[in-house]
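In case you want the letters, here they are:
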Amino acid sequence: MINHDPLDFLNHNSSGKAPSGAEADLIQLLLYEIIRVKELITYYNSIPNGGGQLGASILNELVTEAYNSLVNYDVILMKKYYDLLQNCD
């Protein structure tokens, strides 16, 4: 049995781009988007005088729900949150 680590793209992807090609699956793509959006949350939290607090809290909620879709292995919700997170900036 071959063990497939869905986080393997983190160790072997020096370009900083999302995994692609035949080996990229929904779990890897969603994990990449979660990581990317968590970096955005850090940016929003760094805006002075709480200027990014609303944006950060909305993105935190999306990331939390995306994690839950992974934990519950709900493919429909994974696709939904992947699409939503892709449009976050």
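What counts and how
- Residues numbered from 1 in each chain as written.
- Predicted model: local features only at pLDDT ≥ 70, side-chain atom pairs only at ≥ 80, totals over all residues.
- Heavy atoms only, no water.
- pLDDT = per-residue confidence, 0-100.
- Helix = DSSP H or I, 4+ residues; strand = E, 2+ residues; numbered from the N terminus.
- Phe/Tyr/Trp six-rings, centres within 6.5 Å; stacked < 30°, edge-to-face > 60°.
- Buried < 20%, exposed > 50% of the residue type's maximum accessible area, 1.4 Å probe, protein only.
- Polar contact = N/O pair within 3.5 Å; in protein donor to acceptor, adjacent residues only side chain to side chain.
- Contact = heavy atoms within 4.5 Å.

**Some remarks on the confidence of the model for the protein chain**
Turning to step 1, where the next piece is worked out: Looking at the protein chain as a whole, its pLDDT mean stands at 85, while 73% of the residues score no less than 70.
Turning to step 2, where the next piece is worked out: Mean pLDDT values for the elements of the protein chain range from 58 in helix α1 (residues 8-11) up to 96 in helix α3 (residues 53-71).

**Concerning the packing of aromatic side chains**
Turning to step 1, where the next piece is worked out: Taken as a whole and assessed by the stated rule, the structure comprises one aromatic pair.
Turning to step 2, where the next piece is worked out: Aromatic pair Tyr43 and Tyr44: ring centres 5.7 Å apart, planes at 65 degrees, arrangement edge-to-face.

**As for the side chain of Ser69**
Turning to step 1, where the next piece is worked out: Inspection of the secondary structure puts Ser69 in helix α3.
Turning to step 2, where the next piece is worked out: Accessibility expressed as a relative area gives 2% for Ser69, which makes it buried.
Turning to step 3, where the next piece is worked out: Separated by 2.6 Å, the side chain of Ser69 and the backbone oxygen of Ala66 make a polar contact.
Turning to step 4, where the next piece is worked out: When residues no more than four places from it in sequence are discounted, the contact partners of Ser69 are Leu30, Asp74, Leu77, Met78 and Tyr81.

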